Amino acid sequence: MNPLALMVFLISLAIGATTTMLSHHWLLAWIGLEINTLALLPIMMKTPHPRAIEAATKYFLTQATASALMLFSCLINALQTGEWNINNPHNLMTTPLSLAIMMKLGLAPLHFWLPEVLQGTPLSTGLILSTWQKIPPMILLLQISPNINLSLTIIMGLTSVLIGGWGGIGQTQLRKIMAFSSIGHLGWIILILKLNPQLSLFSFILYIIMTTAMFLSLIMLSTTKMSQISISWTKNPAMMTTTMLILLSLAGLPPLTGFQPKLLIILELIKQNMIISATLTMLTSLLALFFYLRLTYIVTLTLSPSTHNSTTTWRTSMKPQLPSAITSIMALTLLPLTPAILLM
C-alpha cells in the first residue's frame, strides 16, 4: 500500500476513535464509529488476497448491522427523551443500544464475525482490530453503564468467557486463538461493568497491554500457526521465553500482570454476593487456561525435529523491537503495582 494512503487511513482511525471517545452526543459518537470502520477496511485489504477481501466484507456487514441498530436506538431514544445526550438514555432503549455496541466489540453470542475476520487479516491489522478498534465501543459502554441491564451483562459476560475458552481449544491458527482470547477477556470485563465501571476500565487497559504484547511478539517471530511457532525456539530463544510468559499472563496466572484483573473481578463479584456467577466464571475460564497451557507447552517445552541449526537472529532483527520490549515488560510485571494503580 502507498505509505501516504496508509498514513491517511491511520489518521482517520485516530480521528474516528477520538471523536467517539470525546463526544457526549449520540449522533457524533455514531459518526466517529463509522469513520473508524471505513478507515480500517482499506487497511484490511492492503494485501489483495481473497481471504482479506472476504474478511473485510464480513467486518463491514457486521459493523453496518450494529451501526444500523445503534442509530435506530438513538433515534427512538431522542424521540422519547427529546435529547441526544449519551449519559442518560431512555430505559426502553438501553438494551438494544448495549447489544449494538457489544456486537461491535465481538462479545458472545454476537461474536461469530471476529475469529473469521482476524484469521483473514495480517497480524498488524489483527493488532489494530483487537485493541484500538475496541476502545470507542468500550468507552460508550462505560458511559451508559449506570443504566445498563445487570442481567444482560452477566449473561453476555458468562457466555463470552465460556465461548472464548471453548472455541479456542481446537484451534491451530494463532490469530483465531487470539480472537477467542479477546472474546474471553471482554467477557470478564463486561461481567462487572455495571457493578464497578472503574475496575472494568482498569481490566480493559490491562487487556490491551497484554494483547498488544502478544501480537507484537507474533509479528517479530513472523508466525501465524502452531506448526510455525513450535520451531521458532532456535530462531530467537529470548523472544520465545517472553512469548511463553505473555501467554501465561493472558491465562491469568500469578505473579504476572494478567492475574490482577481476574482476582479483582472475582473479589468484586463475591463482595456483591454473586457467588454463583463468580464460581461459574472461574470454572469456565479453566477452558481458556487449557489452550493457553497447551500453546505454552508447544512454544517452549517441545523441540521440533525440523529445527534450524543456525542460532542467528537475522529473521527477526529487521523489525522494531522497542515497542515489543516495553509492552512485554508491562504485560509481565505490573502485578506488584496494583495497589498504587488502583489509588490513582
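Everything numeric here is computed off the predicted structure, so don't read it as measured data. (Residues numbered from 1 in each chain as written. Predicted model: local features only at pLDDT ≥ 70, side-chain atom pairs only at ≥ 80, totals over all residues. Heavy atoms only, no water.)

Draft legend 1. Geometry of the overall build of the protein chain. If you tally the helices and strands in the protein chain, you get 16 helices and 0 strands. Taken over C-alpha atoms, the radius of gyration comes to 20 Å for the protein chain, in line with the 20 Å a tight globule of 344 residues would show. Along the longest, intermediate and shortest principal axes, the C-alpha atoms of the protein chain span 70 × 50 × 35 Å. If you take every contact in the protein chain between residues at least 6 apart in sequence, the share linking residues at least 24 apart comes to 78%. (Helix = DSSP H or I, 4+ residues; strand = E, 2+ residues; numbered from the N terminus. Rg over C-alpha atoms; globule rule 2.2 N^0.38 Å. Contact = heavy atoms within 4.5 Å.)

Draft legend 2. Up close: the domain arrangement of the protein chain. When its domains are assigned, the protein chain resolves into domain 1 (7-121) and domain 2 (149-306 + 320-337). Centre-to-centre, using C-alpha coordinates, domain 1 lies 24 Å away from domain 2. Taken together, the contact between domain 1 and domain 2 spans 17 residues of the former and 19 residues of the latter. If you sort the residues of domain 1 by the area they bury against domain 2, Leu-107, Ala-108 and Gln-119 come out on top, with a joint share of 33%. For the pair domain 1 and domain 2, the number of links is 1 salt bridge. Lys-176 is paired through a salt bridge with Glu-116; the nearest N and O atoms lie 3.4 Å apart. Counting across the domain 1 and domain 2 interface gives 5 residue pairs in polar contact (both at pLDDT 80 or more). Sorting the residues of the side of domain 1 that touches domain 2 by element identifies helix H4 (91-105) and helix H5 (113-119) as the ones contributing at least two each. Looking at the side of domain 1 that touches domain 2 residue by residue, the classes come out as 10 nonpolar, 6 polar and 1 charged. (Domains from an automatic or database assignment. Buried area = accessible area lost by both parts, 1.4 Å probe. Salt bridge = Lys/Arg side-chain N within 4 Å of Asp/Glu carboxyl O. Polar contact = N/O pair within 3.5 Å; in protein donor to acceptor, adjacent residues only side chain to side chain. Nonpolar A, V, L, I, M, F, W, Y, C, P; charged D, E, K, R; others polar.)

Draft legend 3. Summary view of unusual backbone geometry. The omega angle of the peptide bond from Ala-108 to Pro-109 is 0°, so this bond is cis rather than trans. Tracing the sequence through the fold places Pro-109 in the loop between H4 and H5. Pro-255 follows Pro-254 through a cis peptide bond whose omega is 5°. Within the secondary structure layout, Pro-255 lies in the loop between helix H12 (237-251) and helix H13 (259-271). The phi dihedral of Ser-222 is positive, around 55°, even though this residue is not glycine. Secondary-structure assignment places Ser-222 in the loop between helix H10 (197-221) and helix H11 (226-229). Despite not being glycine, Asn-273 has its phi angle at roughly 60°, a positive value. Here Asn-273 is to be found in the loop between H13 and helix H14 (275-301). Residue classification places Asn-273 among the exposed positions, given a relative accessible area of 68%. (Buried < 20%, exposed > 50% of the residue type's maximum accessible area, 1.4 Å probe, protein only.)

Draft legend 4. Up close: the UniProt feature "transmembrane region" (unreviewed entry) in the protein chain. Under the local residue numbering, the UniProt record ascribes the feature "transmembrane region" (unreviewed entry) to residues 26-47, 59-80, 92-114, 150-170, 201-221, 233-254, 274-293 and 325-343. Summarising residues 59-80: 100% helix, 0% strand, and an end-to-end C-alpha distance of 31 Å. Along residues 274-293 the backbone is 95% helical and 0% strand, and the end-to-end C-alpha distance reaches 28 Å. (UniProt positions renumbered as here; feature names shortened; annotations may be inferred.)

Draft legend 5. Highlighting the UniProt feature "domain: NADH:quinone oxidoreductase/Mrp antiporter transmembrane" (unreviewed entry) in the protein chain. Residues annotated by UniProt as "domain: NADH:quinone oxidoreductase/Mrp antiporter transmembrane" (unreviewed entry) correspond here to residues 23-287. Measuring from the first to the last C-alpha atom of residues 23-287 gives 38 Å, for a span that is 75% helix and 0% strand.

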